[in-house]
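As a plain string of letters, each chain reads:
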Amino acid sequence: MKFFYLLPLLLLSPYWSYAQPTCAEGESSVIITVQTDQYGYEVSWEVRGIDGTVYGTVDVNTYANNAYYETQVCVPAGECTTFTINDTYGDGLITQQGGFYTLAVDEDTIMVGGNYRFAESTQFNCLPGQACTSAEAVVEDTTYVTTFDDHWYVFKPDSVGIYEVSTCGMNDCATKIWIYDTCEGNGQAEDNSGIIFYDDGQGGCDSSAVVTGVFNPELVYLIRIGDYEDACANDSIGWSITYRGPVVGCMDPSSCNYNPIATVDDGSCLPQGDPNCPDGPDLLVRQDELVSSIYVSQVEADDECLILEGCLQGYGTRDVLRFDTYIENIGETDYYIGEPSFDNDQFTWDNCHNHFHYDGYAEYLMFAEDGTKIPIGYKNGFCVIDLGCTTGSAQFSCGNMGISAGCYDEYWAELECQWIDVTDIPDGNYVFVTRVNWDNAPDALGQVEKDTLNNWAQACIALDRSSGQLQVSVSNDCPTYTDCNGTLYGNVVADCSGECGGTRLMGDLDANGLQQMIDAESYVTRMLGNDIVPTSCNDLNADDKITVYDASLLASCINYGKNHIHTGEGSHDHCNFPGGRLNINDTTTLSILDIDFDAQFIDIGIRNPSALINAYQFRVEGVNIMSVENLVDEASFPINPYNNIVEGMVVGISYQDSMIVRSDVTQPLCRIHFNMITTEDFICIKEVIDVVNQNIEQTITVLEDECFAVVIDAVEQPLNASRIKVMPNPFRSQTQIFFNNPDLSPHNLEILDWNGKVVRSYAGFRDNSIIVERGQLPTGIYVYRLSNRHGAVHGKLSIQ
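Described in the following lines is the structure provided in the data block. Per chain, the residues get numbers from 1 upward, laid out in the order the sequence is written. Under the rules for a predicted model, residues below a pLDDT of 70 receive no local features and side-chain atom pairs below 80 are neither given nor counted, while totals for whole chains, interfaces and linings still include all residues. The side-chain numbers reported here are obtained from all heavy atoms of the structure, hydrogens and water having been left aside.

A short note on the state of the cysteines
For the purposes of this analysis, a disulfide is any pair of cysteine sulfur atoms at a distance within 2.5 Å. Per the stated rule, a full pass over the model turns up 15 disulfides. Between the sulfur atoms of Cys496 and its disulfide partner Cys537 the distance amounts to 2.0 Å. An S-S torsion of about 100° defines the bridge between Cys496 and Cys537 as right-handed. Within this pair, whereas Cys496 is found in the loop between β34 (471–475) and α4 (517–528), its partner Cys537 is found in the loop between α4 and α5 (548–560), the two being separated by 41 residues in sequence. The numbering of helices and of strands both runs from the N terminus, where a helix is a DSSP run of H or I of at least 4 residues and a strand a run of E of at least 2.

Some details on the sheet that holds strand β1 (residues 27–35)
The four strands lie next to each other as β4-β1-β6-β7, forming an open sheet whose pairing is antiparallel. Edge positions in the sheet fall to β4 (68–76) and β7 (108–113), since each of these pairs with one other strand and no more. Ignoring strand direction, the axes of neighbouring strands in this sheet form an average angle of 15°. What makes two strands pair is DSSP finding at least two bridges between them. Judged from the six bridges that link them, β1 and strand β6 (residues 100–105) form a sheet pairing that is antiparallel. Within β6, the residue paired with Thr33 across the bridge is Thr102. With axes taken as lines fitted to C-alpha atoms, and helix axes fitted only over the stretch in contact, angles between N-to-C directions fall between 0 and 180 degrees.

Considering the sheet that holds strand β28 (residues 388–389)
Spatially, four strands are ordered β20-β23-β30-β28 in an open sheet, and the strand pairing comes out antiparallel. Edge strands, defined here as strands with exactly one partner in the open sheet, are β20 (283–285) and β28.

Some thoughts on α4
The end-to-end C-alpha distance of α4, which contains 12 residues, comes to 17 Å, matching closely the 16 Å that a straight helix rising 1.5 Å per residue would cover. If you follow the buried residues of α4, they end up packed against α5, β39 (613–621), β41 (642–644) and β42 (649–653). One or two steps after α4, the chain reaches Asn530, where phi turns positive at roughly 50°. Any helix carries an expected span of 1.5 Å times its number of residues minus one. Residue contacts follow a heavy-atom distance rule, with two residues in contact if any of their heavy atoms lie within 4.5 Å.

Focus: the pattern of salt bridges
Take a side-chain nitrogen of Lys or Arg and a carboxyl oxygen of Asp or Glu: if they are within 4 Å of each other, that pair is a salt bridge. Following the criterion strictly, the structure yields 23 salt bridges and no others. The partner of Glu328 in a salt bridge is Arg286, with the nearest N and O atoms 3.4 Å apart. Taken as a pair, Glu328 in strand β23 (residues 325–329) and Arg286 in the loop between β20 and α2 (287–293) lie far apart in primary sequence, 42 residues in all. For each residue, the accessible area found with a 1.4 Å probe, counting protein chains only, is set against the maximum for its type, and the residue is called buried under 20%, exposed over 50%, and partly exposed in between. Note on Glu328: relative accessible area 13%, which makes it buried. A relative accessible area of 21% means that Arg286 is categorised as partly exposed. With a shortest N-O distance of 3.3 Å, Arg619 and Glu687 are connected by a salt bridge. Of this pair, Arg619 sits in strand β39 while Glu687 sits in strand β44 (residues 682–693), and the two are 68 residues apart along the sequence. Since its relative accessible area comes to 34%, Glu687 is described here as partly exposed.

As for unusual backbone geometry
Cis geometry is found at the peptide bond from Met727 to Pro728, where omega equals -10°. Tracing the backbone shows Pro728 in the loop between β47 (725–727) and β48 (734–738). For the bond running from Asn729 to Pro730, omega is 10°, close enough to zero to count as cis. Among the secondary structure elements, Pro730 is positioned in the loop between β47 and β48. One non-glycine residue, Tyr489, lies in the positive phi region at around 50°. One can find Tyr489 in the loop between β34 and α4. Here Tyr489 falls in the buried class, since its relative accessible area comes to 12%.

Everything listed is a geometric property; what it means functionally is a separate question.
This is the structure we're talking about:
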């Protein structure tokens, strides 16, 4: 009853007095209350100090469902502290199910929450500038001095122009500058993840940091000032923000030297074709930086976002090759991308990194020695900016992307997703290629690059696990990659049939040049008819089997395509085959709920606490299946299951976006109707072949209560016409008559024509069924008479 009284009080008043133990002198008392929903085990939280000290934590799989918890954590009084609550599934504490949490500090309730998706953070006891959310306001043309490391400031410019944020000439220690446009997800990272501007001493001022760029008054800039590896011992860093003037240049869009970010025209415009027109941009990928930076590390794949985006190829501990990507513009003009927005299909919003990504900017590929493309390629959407300059002047940021002539963009190996996942790649020799703008697409101004052969960099790598650990050797002394046509760094690859430049698509079962839903449906019907064998063109997850998972993968490709954006995640390719993965964090349990021997049906149940379900395939033994009925609510999963009589196979799949809802208790899945029992002992779910979740991943499968003992007395029974099945009927070449015969007693069958003449007879057979061949019987209506010593029953047969 505690929950029902507590929540209304919390909603009525921001204050709540707790009866609690007293923390030590000099400590603050933090009370976290959690009322879990139906999925309490998904919840975790931690209380962390500004220096990284964890003062309290609750891990996943700790809380029970629909339960109330109250925990006290003592933290140093006045220390800037962050409380973060997480949910592994991404639906928070569902308030419709009674879920909520509260956070109280020294008896003051400062937060009441619930539907927070994957995570939500609250900071308290923070001084101005100690955290992003408490950043201190600053103005231009002013010098400031930090009072602690990683000091946060907020700046809103009053006009468009070039601004300089600098620590130059004010410090004797190595400094760093980070500038963001949001606090969400941006904490104390030492690298350039999530930034829109950044410098760690490469800005041209010795070890001091300086950032120069075009600022927009429509944005709010969050500036973080810190040092490099604690170089500034007293945490006192001088810095300034200065307006350097408007952006000056040609403002005529029809001119060959048009500057799209200029706000003041300097009269320099040149007409198209003028001999003084600049040649254009030219992006260069630094191969020396790539080769020298490659190293092996391991990543725990506990972030679904990284997997859905394609950064990682699976769950658990993954082996990755990390590397730097260094891209220079060595041309005469800027490579201009422009302002990202939801309306611009060149960009996608990425919640993993909290900003827009320019799609397809960089791609990482691996090839076997014979030139075969390894299916682990990843397109890394970057925030393309002027990270530094050699001869040019920086101006571009994540808010207005590009690389100025004479400047460069760099992403270091330590960054998230700055890797390729080689966990499942066999030992051997490979060519690793990183490329940028490889198809020489024009920039936002229509400019094409002068040269594209320098848009590639490669490294020869050898993977070796003979020591028990992955060892990688790297060399750049290897032949330049050529495609199957012999073109240097060419884009032509062999199709799934091995034809160079061929157009055969994986999953195109009818070979009509299209991946269509009829192909996905054909996977199931041909699989159940034993009419398909795995090949390089139809085995979509390359496991040497054809299952319902292949059908789900193809249906997902057809429904969502190559650049689908999931809410809360980045975009990814649903048609990258061979593909698919096993989600080791999702477990699905199948069981037999009930068997009715009189009505001749079996009810199958499913328990899926961690994932919605898109498809399933399993096999039963001990009965002859006649049909399968869907027991899932039609509103959420309106399907008609398939079955195979001979092998006892059952398949259910939604070819659209319908899903079986999550449940941490067993819910009805399907009803199997049978015509006879083929065992004297047990009826069982023999095996689960596949269960597919909402992200089109295989789940871990478990069988529970999978067998029922046969309880029908094995004695001869009188024949019952309602329990005799004839399949098919009508028929062309043969049909089969099924009936109950638990003790295998002798039966007789006669086939009579419409005039009552016996045209076929079978005597003394002891099976549960009998096959009737058409032979020379003409088309027409016939009567069968099945008998044993208790009597006989009659039925109609139709031959077409």
